[in-house]
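# Examination of the molecular architecture
This is what each chain is made of:
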Amino acid sequence: MDEEIQGLIKRMSDPKEKEAFYFADKLGKNLDESGRDKVIELVKGDNWEVAYLACRALSLSAFNEESLDAIFEAINDKKNRAHQGAFVQVLEEFDLSQRFVDIFRVFLFGNFKAQTLAKMYLDEVEFDMTPRTLRKAEKHWNHYLHNPEDEGSLELKKLEIEPILTEIRELFSED
């Protein structure tokens, strides 16, 4: 990893740095393969603010697509539950067309802000769908039905989810 990238990571990660967003953006624009793994490690780290800035950097990098797995891992990590919304918000900078199931899962199991943002993505992103995508979404939906976090919200979720799944089923029944 070259010195410039190391310096940008250090500045971005410094809790006293007032321009951390600037350094995250600069890091993203300059990130090369040698620094990619280090930034992905930061996404998985214990400091959610540094992880968020690393996500921001990755969104501006050439490694946008390949970093999504780490970002969804951070979103679904229980230690980040209180900050899920921030991680989901940064997804607007990524191509999510292949990530229906990941977004669907966040919609089902995320905190309020994460669910709200995930619903927006479900409504606005044009996803590439396959029968396998439908099966995986139905699997998560069945898990949610049998393990709802809040019994009171189950009926509301049904009103939102059933039309989505029905529309996808109809898409494949026409084939």
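Computed from a prediction, not measured in an experiment: that's the story for all the values here.

## A look at the domain arrangement of the protein chain
- Partitioning the protein chain into domains gives domain 1 (1-93) and domain 2 (95-174).
- Between the C-alpha centres of domain 1 and domain 2 there is a distance of 26 Å.
- Of the residues lining the interface, 17 residues belong to domain 1; the matching set on domain 2 comes to 16 residues.
- Roughly 1300 Å² of surface becomes buried between domain 1 and domain 2 when both sides are summed, with 52% attributable to carbon and sulfur atoms.

## Observations concerning the pattern of salt bridges
- Evaluated as defined, the whole model comprises 12 salt bridges.
- In this structure, K79 engages D77 in a salt bridge whose closest nitrogen and oxygen atoms are separated by 3.1 Å.
- For D77, a relative accessible area of 28% corresponds to the partly exposed category.
- In this structure, D123 engages K119 in a salt bridge whose closest nitrogen and oxygen atoms are separated by 3.0 Å. Of the two residues, D123 and K119 are both situated in helix 8 (residues 112-124); the distance of 4 residues between them amounts to about one turn of the helix.

Parameters at a glance
Residues numbered from 1 in each chain as written. Predicted model: local features only at pLDDT ≥ 70, side-chain atom pairs only at ≥ 80, totals over all residues. Heavy atoms only, no water. Domains from an automatic or database assignment. Contact = heavy atoms within 4.5 Å. Buried area = accessible area lost by both parts, 1.4 Å probe. Salt bridge = Lys/Arg side-chain N within 4 Å of Asp/Glu carboxyl O. Buried < 20%, exposed > 50% of the residue type's maximum accessible area, 1.4 Å probe, protein only. Helix = DSSP H or I, 4+ residues; strand = E, 2+ residues; numbered from the N terminus.

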